[in-house]
Amino acid sequence: RQMCIRDSFHFGLVHNFGKIGGGFMWRLVDLEAAFARRSIQSVDPFVLTFQITDPVLGDRMITIEFKDNRMSLLNDSVANVMRVSIEHLTVLYAGVRRATDLLWTGEINFEGDPALLTQLDLAWQTPPPFCWDFF
């Protein structure tokens, strides 16, 4: 990279105090409560195991049954496993992105029947529950 006069003038002594950025500012913390409280569209029943990477609260694995317009926590994992970061799970949960798109772009990994990701996209086409967020 070429050094310009503006760069050389500061000699690395001036630091940025912040930057304006855009992005989604939700974060799922209590996964069990989040899944239990979110309604879903009526779809054929299916079960998914979410293997979640979370650098703050620790990695988790939860299995969810999608049935009767609700999501329920199950104790046993299944062969259909979505490997997802907490950030990507949050945007999926909020309806901002679709699982089929995230799989296509390589942002999530999935083992099992890929048709279940289409069902997940259909199920989550309802507004998520209202959430207060304090900073």
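Higher on the page you've got the structure.
Residues numbered from 1 in each chain as written. Predicted model: local features only at pLDDT ≥ 70, side-chain atom pairs only at ≥ 80, totals over all residues. Heavy atoms only, no water.

**Q** Go over the environment of Arg97, please, and point to the residues and values.
**A** Mapped onto the elements of the fold, Arg97 is located in the loop between α3 (86–93) and α4 (99–104). It is 8.8 Å that separates the C-alpha atoms of Arg97 and Asp121, two residues lying 24 residues apart in sequence. At 2.7 Å, the side chain of Arg97 and the side chain of Glu107 are in polar contact. (Helix = DSSP H or I, 4+ residues; strand = E, 2+ residues; numbered from the N terminus. Polar contact = N/O pair within 3.5 Å; in protein donor to acceptor, adjacent residues only side chain to side chain.)

**Q** Outline α3, supporting the account with residue identities and numerical values.
**A** Since the α-helix turns once every 3.6 residues, residues separated by three or four places project in the same direction. In terms of burial, α3 is largely enclosed, as seven of its eight residues are buried. All of the buried residues along α3 are Ile86, His88, Leu89, Thr90, Val91, Leu92 and Tyr93. Residues of α3 that are buried make contact with α2 (31–37), β1 (46–53), β4 (81–85) and α4. Count one or two residues on from α3 and you reach Gly95, which has phi positive near 80°. (Buried < 20%, exposed > 50% of the residue type's maximum accessible area, 1.4 Å probe, protein only. Contact = heavy atoms within 4.5 Å.)

Treat this as a map of the structure, not an account of what it does.
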